[in-house]
Amino acid sequence: MSDEVAIRVAPELDGRQTARVGYANVCKEIADHAAGKVATRDDANAAPGDFIEHALQGQRMWLEQLHRSITQERMNGTSWETIAGKMRLPVAQVRNQFEHCDLNHLAEENGETGVWRVLAETCVAPIPGMCDSHPGKVALELDDWYRAYATGQPGDPAGAATPNPVTAHL
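Parameters and conventions
Residues numbered from 1 in each chain as written. Predicted model: local features only at pLDDT ≥ 70, side-chain atom pairs only at ≥ 80, totals over all residues. Heavy atoms only, no water. Helix = DSSP H or I, 4+ residues; strand = E, 2+ residues; numbered from the N terminus. Buried < 20%, exposed > 50% of the residue type's maximum accessible area, 1.4 Å probe, protein only. Expected span 1.5 Å × (residues − 1). Contact = heavy atoms within 4.5 Å. Axes fitted to C-alpha atoms, helices over the stretch in contact; angles between N-to-C directions. Left-handed = near helix turned anticlockwise from the far one by under 90°. Parallel < 35°, antiparallel > 145°, perpendicular 65-115°, else oblique. Nonpolar A, V, L, I, M, F, W, Y, C, P; charged D, E, K, R; others polar. Phe/Tyr/Trp six-rings, centres within 6.5 Å; stacked < 30°, edge-to-face > 60°.

Chemist: Quick rundown of unusual backbone geometry? Include the residues and the values.
Modeler: For arginine 88, which is not a glycine, the phi torsion comes out positive at approximately 60°. Within the secondary structure, arginine 88 sits in the loop between helix 3 (80–87) and helix 4 (91–98). Taking relative accessible area as the criterion, arginine 88 reaches 76% and is therefore assigned exposed.

Laid out in structure tokens, this is it:
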């Protein structure tokens, strides 16, 4: 038996792959944010308005998830008409409000210098500046996070046994 440790190298990602990592990362942050408030042990120390502040922070994170979902949909070729239909809003309104989320012009660039540079500006990490500057490293962290999350879930969630549930399918 060998004591060698496998060295994982962060993959270089294109813009489409980077957009998907950005979406996955905000989903992870939302899950962590919500899970952090499930336990009641700190309720006695809550100041007036703490629960509201937590909910508002979750709402801001959800809004970023919506923006990143539109980025991902556009990267996947989804039309503005389809996006507007899903949102039950007029196409003109959706384009006016969310056109900045369309990063297709950066799709073929290196993800680190293109799409990630844009997404890093709206990172939802609990501590500002905590998003890694390399999307491939974030993808590896998401592999680890998802495996740990899935292992603790009842049953056999999809991807629990996959060594790289995020990076394997980029």
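Moving on from the coordinates now.
Chemist: Summarise the environment of glutamate 141; cite the residues concerned and give the values.
Modeler: In this structure, glutamate 141 sits in helix 6 (residues 135–151). We classify glutamate 141 as partly exposed; its relative accessible area is 45%. Taking C-alpha positions, glutamate 141 is 9.8 Å from threonine 167, a pair spaced 26 residues apart along the chain.

Chemist: Pulling in residues and values, what's your account of helix 2 (residues 50–75)?
Modeler: Here helix 2 spans 37 Å end to end across 26 residues, near enough to the 38 Å set by a 1.5 Å rise per residue. Buried within helix 2 we find His54, Met61, Glu64, Gln65, Leu66, His67, Arg68, Ile70, Thr71, Gln72, Arg74 and Met75. The secondary structure elements touched by the buried residues of helix 2 are helix 1 (15–35), helix 3, helix 4 and helix 5 (115–120). One or two steps after helix 2, the chain reaches glycine 77, where phi turns positive at roughly 90°.

Chemist: A description of the side chain of glutamate 64 should follow, citing residues and the corresponding values.
Modeler: Mapped onto the elements of the fold, glutamate 64 is located in helix 2. With a relative accessible area of 12%, glutamate 64 lands in the buried category. Setting aside residues up to four positions removed in sequence, glutamate 64 forms contacts with Val26, Thr122 and Val124.

Chemist: Before we move on, can you summarise the packing of helix 2 against helix 3 with the specific residues and values?
Modeler: Between helix 2 and helix 3, the least distance of the axes is 10 Å, while the angle of their chain directions is 145°. Handedness of the helix 2/helix 3 crossing: right-handed. Here helix 2 contributes Leu66, Ile70, Glu73 and Arg74 to the contact with helix 3, which in turn contributes Trp80, Ile83 and Met87.

Chemist: Any details on the packing of helix 1 against helix 6? Residues and values, ideally.
Modeler: With their axes 10 Å apart at the nearest point, helix 1 and helix 6 run at an angle of 45° to one another. On the basis of their axis angle, the class for helix 1 and helix 6 is oblique. As for how helix 1 packs across helix 6, the hand of that crossing is left-handed. Listed contacts from helix 6 to Thr18, Val21, Ala24, Asn25, Lys28, Ala31 and Asp32 of helix 1 are Pro135, Val138, Ala139, Leu142 and Trp145. For the contact of helix 1 with helix 6, the per-class residue count stands at eight nonpolar, two polar and two charged.

Chemist: Give me the packing of aromatic side chains: which residues, what numbers.
Modeler: Taken as a whole and judged by the stated rule, the model has two aromatic pairs. Aromatic pair tryptophan 145 and tyrosine 149: ring centres 5.4 Å apart, planes at 5°, arrangement stacked. In this pair, tryptophan 145 and tyrosine 149 are both assigned in helix 6, four residues apart and thus about one turn of the helix distant. Where tyrosine 146 meets tyrosine 149, the ring centres are 6.0 Å apart and the plane angle is 45°; that geometry is what we call tilted. Note that tyrosine 146 and tyrosine 149 are positioned in helix 6 at a spacing of three residues, about one turn of the helix. According to the relative accessible area criterion, tyrosine 149 is partly exposed, its value standing at 38%.

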